[in-house]
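Listed below, chain by chain, are the residues.
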Amino acid sequence: MLLSLGFLIYRANHNLYVEDAKNSVESVLSLTQDLISHEKQLALSIALMLSQNEKLKEGYLTNNRALLFETLQSEILKTKQYLQIENLEVQLHTKDAKAYVRSWDFDDYGDDLSTFRKGITLLQQTKIPLVAIELGKRLNIKALCPIYVKEEFIGSLEIIISFDEVAQKLNAKKINFVILMDKELLEIGEWMKELEKIDNYVIVSNSCPSKCLNALSAIISTSTLEKGFARGNDVLFGFTPLFDIEAKQVGYIGIWFNESLLKESLLLRASLTPHSPPLHVKTLEPAIQDSLQHEVLIR
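Residues numbered from 1 in each chain as written. Predicted model: local features only at pLDDT ≥ 70, side-chain atom pairs only at ≥ 80, totals over all residues. Heavy atoms only, no water.

K.L.:
Would you explain the packing of aromatic side chains in this entry?
P.N.:
For any pair of aromatic rings, the description consists of the separation of the ring centres together with the inter-plane angle of the planes. What the rule picks out here adds up to seven aromatic pairs. Seen from their ring centres, Phe 69 and Phe 106 are 5.3 Å apart, and the 70 degrees between their planes marks the pair as edge-to-face. Note that Phe 69 is positioned in helix 3 (residues 65-83) and Phe 106 in the loop between strand 2 (99-102) and helix 4 (118-126), a separation of 37 residues in sequence. Of the residues examined, Phe 106 reaches a relative accessible area of 29% and is grouped as partly exposed. Measuring from ring centre to ring centre gives 6.0 Å for Tyr 201 and Tyr 252, while their planes differ by 75 degrees; the resulting arrangement is edge-to-face. Residue Tyr 201 is located in strand 8 (residues 201-203), and its partner Tyr 252 is located in strand 11 (residues 249-258); the two are separated by 51 residues in the primary sequence. Residue Tyr 201 is classed as buried on the basis of its relative accessible area, which comes to 11%. Cation over ring: Arg 65 sits above Tyr 109, and NZ or CZ is 3.6 Å from the ring centre. Arg 138 extends its terminal NZ or CZ atom over the ring of Trp 104, reaching a point 5.2 Å from the ring centre. (Phe/Tyr/Trp six-rings, centres within 6.5 Å; stacked < 30°, edge-to-face > 60°. Helix = DSSP H or I, 4+ residues; strand = E, 2+ residues; numbered from the N terminus. Buried < 20%, exposed > 50% of the residue type's maximum accessible area, 1.4 Å probe, protein only. Lys NZ or Arg CZ within 6 Å of the ring centre and 35° of its normal.)

In structure tokens form, the structure reads like this:
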């Protein structure tokens, strides 16, 4: 009887521990999504600001790509310093959705983006600023904003932020982060073909060293991702689906941390949640809207 009672107590304690672990993983996943939402808001803020830049408008009106490129370099540098961020790229588009100027490559332009960029197609239809996780040649956060001169639509501006900012904030709290993109999407995301792959997924992260790859390789499977929780070698893993601008699943958000952090689980929310006030925005469905509206679409 004593052995049976001891076993029942052990099982009860074990089940309570696992339940607490699952709750902590869910909390960290929720915080991770909050951080991603914060980066979306940041990208949208920058897009709205730069779309009013007079030098950019001058470059459009005079068809001066050199002036546009120089202005982008200057504005990106100032924005990075002011907001203390490391990863920021800008792309300008013509009014017929072609690549016009890319901040990372002056000589690469002219691609018709409407053939594979849903966000740009939606912006062309609605003329409403929007922000989303979107797949192009890379998978990242993209904020889009129309550019007007005297109420005439002359083009659009795109702010691109990678997931590395989120990874850095989580790593500072001993939490690992990764985006796992469905490998089939490499047909579109051609700039990601050289990234590491595990099972049927591409690791979309610049902060995933060999130790990270080993940890993921030992745990990744379709069933684990669908369950959203796993334990292994004193490490807790959590996964949640990642959706794009069309609410289509493109992969998973993944986090993992040592079980010793469970003691700090009550402090996680207070220490990780971004505190900057959100933009005053309204969420809209992706439908054609009157071009005079000034709402913001967040997906």
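On we go.
K.L.:
How do you make sense of the sheet that holds strand 9 (residues 229-232) when you look at a structure like this?
P.N.:
By definition, the strands of a sheet pair up through backbone hydrogen bonds, in either a parallel or an antiparallel sense. In spatial order, the strands read 7-8-6-11-10-9; together these six strands make up an open sheet with antiparallel pairing. In this open sheet, the two strands that pair with only one neighbour each are strand 7 (197-198) and strand 9. For strand 6 (residues 176-182) and strand 11, the ladder comprises six bridges, and the chain directions are antiparallel. Paired with Phe 177 across the strands is Ile 255, a residue of strand 11. (Pairing = 2+ DSSP bridges.)

K.L.:
Looking at this structure, how should I read the side chain of Asn 140?
P.N.:
Here Asn 140 is to be found in strand 4 (residues 139-149). Judged by relative accessible area, which is 5%, Asn 140 ranks as buried. One polar contact links Asn 140 to Lys 142, side chain to side chain, over a distance of 2.5 Å. The contact partners of Asn 140, leaving out residues within four places of it in the chain, are Ala 132, Ile 133, Glu 134, Ile 160, Ile 161, Ser 162 and Phe 163. (Polar contact = N/O pair within 3.5 Å; in protein donor to acceptor, adjacent residues only side chain to side chain. Contact = heavy atoms within 4.5 Å.)

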